[in-house]
Amino acid sequence: MIQIMKNKTFILIIFLCFLPLFCKGQFCKLYSTHGDISSSMISHIYQDAKGYIWVATENGLNKYDGAKFTNYKNQFNDSTSLLGNHVYRTFQDAKGHLYILSTKGLQMYEYKSDSFKTIKKSNSSYNNKSIAQLSDGSILIGTSGYGIKKLTFDHKGNIQIENWNPSLIGHTINDIMEDRKGNIWICTEYHGMIRIDKNKKIHHYTLGKLYGNQFINCCTEDSNGNIYAGTSGRGVFIYNQADNTFHQIFHSNFPIKVLKQNENLMLIGIDGEGIVAYDISKKSIANTDFYIDNINIKKSKVHSLLTDSSNNLWIGIYQKGVAFIPSQANMFNYIGNFSSIRNYIGSNCITALCDTTD
């Protein structure tokens, strides 16, 4: 009997020592340059209408079909290949056209031929940095230093690109969004936040202190109609329609790269502080835990967030790769040094458990 108890104790100790390894496999999968994506310098993650996950990086574009990644890069003397390897983002319009924005210009992906069609190359008066489609079907392209361009199709299907709102020429546009009320929100560098209302009137907003930079990186609207803006060095702000101003809800000295709603939380992706969650109902920062194998999420550079059609969460971690966290609840609650809020025991090996009544 004593020998049996010793054997059971030994097995329990071994199991507990390796429990964190088992838990890691349950929490997420990290896609890296080791056989998956072309680069760990993640720019943007996007899901198209067909269900493909597109990962834009600083060295190629990647398409995930649910089983494997296909990597795309520029091929010398091949006009149907990726125009430039430094890809900012992908975007699909209401008609199903998938656009690719890179440092070299604007392209469209052809699904049937698995190739790329060049729309416009970057030049002395054009480049592309951001893109959005308005409720009237207009496609707006934000540039670096050239304001906003408008993309249209003529009756023959040819694409035309022209200036949109000349007052914005000279501005660098980081993000564009139309809210449910028809306001167009424009995130700029140096010129703060801009709102163009339904009557085409332009409103300018300063976020935080009047002095210093006004780098507005991103904006979004939650399911309640609240407007959020992420900055560089000033944190996150929410728009108060009553006094027509922005109020700070979270401070960070690091750049806010992405804002994405996930159920009742507004997830804040930060370049250097990982992910912070804002509880939309309680109007306060929430306690959340994102466990990613061998990565200290609290110090990570989160550049993109995506909740896919199955409610799985994809996290673009600059210099690390893409983390996939399934929506299905996990049977384990991990405690240890890989947890962002439950690091009570560090990396120590657990050798015993004790059940108490208090």
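Conventions we followed
Residues numbered from 1 in each chain as written. Predicted model: local features only at pLDDT ≥ 70, side-chain atom pairs only at ≥ 80, totals over all residues. Heavy atoms only, no water. Pairing = 2+ DSSP bridges. Helix = DSSP H or I, 4+ residues; strand = E, 2+ residues; numbered from the N terminus. Axes fitted to C-alpha atoms, helices over the stretch in contact; angles between N-to-C directions. Buried < 20%, exposed > 50% of the residue type's maximum accessible area, 1.4 Å probe, protein only. Contact = heavy atoms within 4.5 Å. Polar contact = N/O pair within 3.5 Å; in protein donor to acceptor, adjacent residues only side chain to side chain. pLDDT = per-residue confidence, 0-100. Phe/Tyr/Trp six-rings, centres within 6.5 Å; stacked < 30°, edge-to-face > 60°. Salt bridge = Lys/Arg side-chain N within 4 Å of Asp/Glu carboxyl O. Core = buried A, V, L, I, M, F, W, Y, C linked by side-chain atoms within 4.5 Å.

Colleague: Quick question: what am I supposed to make of the sheet that holds strand β12 (residues 148–153) here?
Modeller: Picture the strands of a sheet paired through backbone hydrogen bonds; they go either parallel or antiparallel. Here we have 4 strands laid out as an open sheet, ordered β10-β11-β12-β13, and antiparallel in their pairing. Only two strands of the sheet have a single neighbouring strand rather than two, namely β10 (130–133) and β13 (159–164). Neighbour to neighbour, the strand axes of the sheet diverge by 25° on average, direction disregarded. Bridge count between strand β11 (residues 139–142) and β12: 4 bridges; the pairing is antiparallel. The residue of β12 that forms the bridge with Leu-140 is Lys-150.

Colleague: Explain the environment of Ser-124 here, please?
Modeller: Position of Ser-124 relative to the elements: it lies in the loop between β9 (115–121) and β10. Overall, Ser-124 belongs to the exposed group, its relative accessible area being 68%. Along the primary structure Ser-124 and Tyr-146 are separated by 22 residues, whereas in three dimensions their C-alpha atoms are 9.5 Å apart.

Colleague: What's the story with the pairing of strand β2 (residues 42–47) in this structure? I'm lost.
Modeller: Along any regular strand, the residues point their side chains to alternate faces of the sheet. By the criterion of burial, β2 is predominantly enclosed, with 5 of the 6 residues buried. Where β2 lies against strand β3 (residues 53–57), 5 bridges are found, and the strand directions are antiparallel. Bridge assignment links Ile-45 to a residue of β3, and that residue is Val-55. A loop of 5 residues connects β2 with β3, the two strands running antiparallel in sequence, and Gly-51 in this loop sits at a positive phi of about 100°.

Colleague: Honestly, the environment of Tyr-31 in this entry has me stumped. Any pointers?
Modeller: Of note, Tyr-31 is situated in strand β1 (residues 29–31). Note: C-alpha distance between Tyr-31 and Phe-324 (293 residues apart in sequence) is 7.7 Å. Contact partners of Tyr-31, with chain neighbours within four places excluded, come to Asp-36, Ile-37, Tyr-64, Phe-69, Trp-314, Lys-320, Gly-321, Val-322 and Phe-324. For Tyr-31, the side chain forms a polar contact with the side chain of Tyr-64, separated by 3.2 Å.

Colleague: Looking at this structure, I do not really get the confidence of the model for the chain. What am I missing?
Modeller: Reading predicted coordinates in detail is not appropriate for stretches of low pLDDT. Counting all residues, the mean pLDDT for the chain is 88, and 87% of those residues have values of 70 or more. Per-residue pLDDT stays below 50 along residues 8–26; that stretch engages in 21 contacts with residues further than four places along the chain or on separate chains. Throughout residues 338–344 the model reports pLDDT below 50, and contacts reaching past four residues in sequence, or to other chains, amount to 25 contacts.

Colleague: Just checking my understanding: could you explain the packing of aromatic side chains for this structure?
Modeller: A ring pair, where both rings are aromatic, is described by two values, the distance of the centres and the angle of the planes. Tallying each qualifying case throughout the model produces 22 aromatic pairs. Ring centres of Tyr-52 and Tyr-111 lie 6.4 Å apart, and the angle between their planes is 20°; on these two criteria the pair is classed as stacked. With Tyr-52 in the loop between β2 and β3 and Tyr-111 in the loop between β8 (105–110) and β9, this pair connects stretches of sequence that are 59 residues apart. When the centroid spacing of 5.1 Å and the interplanar angle of 65° are considered together, the rings of Trp-185 and Tyr-239 count as edge-to-face. Here the residue Trp-185 occupies a position in strand β15 (residues 184–189), and Tyr-239 occupies one in strand β20 (residues 236–240), the gap between them amounting to 54 residues. Clustering of aromatic rings is evident, with ring pairs tying together Tyr-52, Trp-54, Tyr-72, Tyr-109, Tyr-111 and Phe-116.

Colleague: What is the right way to read the pattern of salt bridges from this model?
Modeller: Pairing is possible between side chains of opposite charge, provided their charged atoms come close. Using the criterion set out here, one finds 4 salt bridges in the structure. Asp-114 serves as the salt-bridge partner of Lys-63, at 3.8 Å between the closest nitrogen and oxygen. One end of the pair, Lys-63, is in strand β4 (residues 60–64); the other, Asp-114, is in the loop between β8 and β9, and 51 residues separate them in sequence. For Asp-114, a relative accessible area of 36% gives the class partly exposed. Across the salt bridge formed by Glu-221 and Arg-180, the nearest N and O atoms sit 3.1 Å from each other. A residue pair is termed long-range when its members are at least 10 positions apart, and Glu-221 in strand β18 (residues 216–221) and Arg-180 in the loop between β14 (172–178) and β15 qualify at 41 residues.

Colleague: Got a minute to help me understand the nonpolar core in this structure?
Modeller: Buried together is how nonpolar side chains tend to be arranged in soluble globular proteins. The biggest cluster of nonpolar side chains holds 21 residues, and the ones touching the most others in it are Leu-61, Tyr-99, Ile-100, Leu-106, Tyr-109, Phe-116 and Ile-131. Breaking this core down by element, the ones donating at least two residues are β3, β6 (87–92), β7 (98–102), β8 and β11. Ignoring any residue separated from it by four or fewer positions in sequence, one finds Tyr-99 in contact with Arg-89, Thr-90, Phe-91, Asp-93, Leu-106, Gln-107, Met-108, Ile-119, Ile-131, Ile-139, Leu-151 and Phe-153. Judged by nonpolar contacts, the second largest core, of 16 residues, contains Val-258, Ile-275, Phe-290 and Ile-317.

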